[in-house]
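Residue-level listing of the chains:
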Amino acid sequence: MFYWFLKTIVIGPIIKLLFRPWVEGEENIPEEGAAIFASNHLSFSDSIFLPLVVSRRVTFLAKSDYFTGRGIKGRLTAAFFKGVGQLPVDRSGGKASNAALSSGLKVLGRGDLLGIYPEGTRSPDGRLYRGRTGVARMALEGRVTVIPVAMIGTDKAQPTGKVIPRIMRVGVRVGKPLDFSRYEGMEDDRFVLRSITDEIMYELMLLSGREYVDMYATSMKDRLVSAARAKARELQEAAKPGSAAPELEEALDAAEGKSRQAPASTPSTPSTPSADDADPTDARSDDDGDTPVVAAS
């Protein structure tokens, strides 16, 4: 009840008025029966815009952190997700993954639409990353089709970390349903699950027009965090008394060398070079190795 109240009376009309979301491939959305929406994940608002353009109810598997927040913001977020019927998912793996699978299958068993982000987390740079095989397992065990969905422009409307979104048009592109019934009974074959997942991600790549990266988004996030920490440590070392960043040291050495090379005698009497006139940078060995930093292009 609260889901429809928010969608049709409170949030829905305002979002439609401000963002004017467009949708392509609406004919690919089934009017009845269970199915899985497999979407790329660019922004927190993906879970708002997609249900908004679908006439039927869409239930998402949301990370459990949204339901356990503290403070006013955390409680409001938890109340919102519970109110719209989203399901908490523990992404720690193992038994938690089986619990998420069970929750998703219950939604499909009711004949409803289930929303899943195969990448498992938001893209750190807008590119499309390798999919997790949970979506394939649910499709086979639930015996349902998978509908690829590409979110367009939501990362620009609400980038990660931004609370108030930017007012602009966003879009949803819905692909044709993918039928994997040919793999029925093979949900325990990891090679089959990987094949199905890769097929879904390929369709998402075509729909979204985004570059595909054959690695997990979580791994890329870990690399970016490690690189940021390494850079922070480098800056901290440079800020210590008697220390300077390599670029600053080189600039100081160069300035010192130029001052020492200035003529010390009158133009009519050429001076004799001395040992003190040598550019100290000529004899300085460059042992400041570059620190490899992984950054998203």
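Fair warning: this is a prediction, and the values are worked out from it, not measured in the lab.

Draft legend 1. Representation of the environment of methionine 201. With respect to the helices and strands, methionine 201 occurs in helix α7 (residues 190–208). The sequence separation of methionine 201 and alanine 38 amounts to 163 residues, and the corresponding C-alpha distance is 8.8 Å. With near-sequence residues (within four places) excluded, methionine 201 lies in contact with Pro118, Glu119, Leu128, Tyr129, Gly131 and Tyr212.

Draft legend 2. Quick look at the packing of aromatic side chains. Under the definition given, this model contains 6 aromatic pairs. Ring geometry for phenylalanine 19 against phenylalanine 49: centres 5.3 Å apart, planes inclined by 75°, an arrangement best described as edge-to-face. With phenylalanine 19 in helix α1 (residues 2–19) and phenylalanine 49 in helix α2 (residues 46–52), this residue pair connects regions lying 30 residues apart in the sequence. Since its relative accessible area comes to 6%, phenylalanine 19 is described here as buried. For phenylalanine 49, a relative accessible area of 4% gives the class buried. Aromatic pair phenylalanine 60 and tyrosine 117: ring centres 5.3 Å apart, planes at 20°, arrangement stacked. Here phenylalanine 60, found in strand β3 (residues 58–63), pairs with tyrosine 117, found in the loop between β5 (113–116) and β6 (128–129); they are 57 residues apart in sequence, far enough to count as distant. In terms of burial, phenylalanine 60 and tyrosine 117 fall into one category: buried. Aromatic ring contacts, followed pair by pair, group Phe44, Phe67 and Phe81 into a single cluster. For arginine 57, the ring lying beneath its charged end belongs to tyrosine 3, and the centroid distance is 4.7 Å. One Lys or Arg, arginine 132, reaches over the ring of tyrosine 216 and ends 3.9 Å from the middle of that ring.

Draft legend 3. Broad picture of the pairing of β5. Of the two faces of β5, both are covered, the one formed by Leu113 and Gly115 as well as the one formed by Leu114 and Ile116. Where strand β2 (residues 35–39) and β5 come together, 4 bridges link them in parallel fashion. Counterpart to isoleucine 36 in the pairing with β5 is leucine 114. The sheet contact formed by β3 and β5 spans 3 bridges and is parallel. For threonine 59, the partnering residue across the bridge sits in β5 and is leucine 114.

Draft legend 4. Quick peek at the nonpolar core. In terms of nonpolar packing, the biggest core is built from 27 residues, with Ile36, Phe180, Ile196 and Ile200 touching the most fellow members. Within the residue set of this core, elements represented by two or more residues are β2, α4 (95–109), β5, α5 (134–142) and α7. With 6 residues, the single largest contributor to this core is α7. The residues contacting isoleucine 36, other than those within four sequence positions of it, are Leu108, Leu114, Ile116, Val135, Met138, Ala139, Val144, Thr145, Val146 and Ile147. Phe49, Leu113, Met151 and Val170 belong to the second largest nonpolar core, which has 25 residues in total.

Calculation rules
- Residues numbered from 1 in each chain as written.
- Predicted model: local features only at pLDDT ≥ 70, side-chain atom pairs only at ≥ 80, totals over all residues.
- Heavy atoms only, no water.
- Helix = DSSP H or I, 4+ residues; strand = E, 2+ residues; numbered from the N terminus.
- Contact = heavy atoms within 4.5 Å.
- Phe/Tyr/Trp six-rings, centres within 6.5 Å; stacked < 30°, edge-to-face > 60°.
- Buried < 20%, exposed > 50% of the residue type's maximum accessible area, 1.4 Å probe, protein only.
- Lys NZ or Arg CZ within 6 Å of the ring centre and 35° of its normal.
- Pairing = 2+ DSSP bridges.
- Core = buried A, V, L, I, M, F, W, Y, C linked by side-chain atoms within 4.5 Å.

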